[in-house]
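# Reading the structure
Residue-level listing of the chains:
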Amino acid sequence: MTVEAKLRPVGVIRSSLVDRSEAPRQGTEGAPDAWLEVDGWAVDGLGGLTAGDEIIVITWLHRARRDVLRVRPRSDPQNPLTGVFATRSPDRPNPLGLHVVTVRAIDGNRLRVGPIEAIDGTPVIDIKPVLDIDGGDRAR
């Protein structure tokens with residue numbers, strides 16, 4: 001049985017990266033900081049976050065292809081074709097991005113986060129704290 005999933009973005013990324021081709025493959029490969037603007041209805045969800053916290057930003061990679069099931073990892077023609085579920089390719093049936101970032105600053109409904117490789121206008125699906133191995137918040 002297939003269950004229909006519906007997602008409601010909680011915000012959007014505002015970044016100096018505007019084209020997918022200029023974005024690094026991973027945040028740790030030279031990505032800039034960016035603003036995460038949280039929609040008004042979801043602002044109360046920011047309670048408890050502070051500058052310095054590590055969070056996971058879950059995005060909808062809106063410019064990704066959804067019909068791709070095999071890729072050459074890191075777009076390197078020397079790499080063998082590999083199933084997308086064994087890669088971090090943005091092109092995949094459900095193009096969710098997972099970005100571990102640090103909260104640099106909080107300004108009302110906006111979080112300055114980074115480094116993050118998401119391009120300007122990328123919808124944010126959810127925000128979650130990074131947990132220690134014992135399950136506790138790293139920052140608390």
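Overview of the structure. (Residues numbered from 1 in each chain as written. Predicted model: local features only at pLDDT ≥ 70, side-chain atom pairs only at ≥ 80, totals over all residues. Heavy atoms only, no water.)

Scanning the chain for helices and strands turns up zero helices and eight strands. Tracing the chain from N to C terminus, the helices and strands come up as β-β-β-β-β-β-β-β. In summary, the chain has a C-alpha radius of gyration of 16 Å against a globular reference of 14 Å for 140 residues, a match within 12%. With 140 residues in all, the chain has 34% of them scored as buried. (Helix = DSSP H or I, 4+ residues; strand = E, 2+ residues; numbered from the N terminus. Rg over C-alpha atoms; globule rule 2.2 N^0.38 Å. Buried < 20%, exposed > 50% of the residue type's maximum accessible area, 1.4 Å probe, protein only.)

Among the secondary structure elements, Glu 4 is positioned in the segment before strand E1 (11-14). As for Glu 4 and Pro 32, which are separated by 28 residues in sequence, their C-alpha atoms are 35 Å apart.

Attention now moves to the packing of aromatic side chains. Under the defined criterion, the tally for this structure stands at zero aromatic pairs. Above the ring of Trp 41, the side-chain terminus of Arg 8 is found at 3.6 Å from the ring centroid. (Phe/Tyr/Trp six-rings, centres within 6.5 Å; stacked < 30°, edge-to-face > 60°. Lys NZ or Arg CZ within 6 Å of the ring centre and 35° of its normal.)

As a further point, take the pairing of strand E8 (residues 123-129). In this structure, E1 lies alongside E8, joined through two bridges in antiparallel fashion. Each residue of the ladder has a partner; that of Gly 11, found in E8, is Val 124. (Pairing = 2+ DSSP bridges.)

Nonpolar side chains in soluble globular proteins tend to be buried together. Judged by nonpolar contacts, the single largest core of 17 residues is most densely connected at Ile 13, Leu 36, Ile 55, Val 57, Leu 111, Val 113 and Ile 116. Sorting the residues of this core by element identifies strand E2 (34-38), strand E3 (54-60), strand E6 (96-107) and strand E7 (110-114) as the ones contributing at least two each. Excluding residues that lie within four positions of it along the chain, Ile 116 makes contacts with Ile 13, Leu 17, Ala 31, Pro 32, Ala 34, Val 57, His 99 and Val 101. (Core = buried A, V, L, I, M, F, W, Y, C linked by side-chain atoms within 4.5 Å. Contact = heavy atoms within 4.5 Å.)

Let us now look at the sheet that holds E7. Here we have six strands rolled up into a closed barrel, ordered E1-E2-E7-E6-E3-E8, and antiparallel in their pairing. On average, each strand axis in the sheet is inclined to that of its neighbour by 45°, with strand direction left out of account. (Axes fitted to C-alpha atoms, helices over the stretch in contact; angles between N-to-C directions.)

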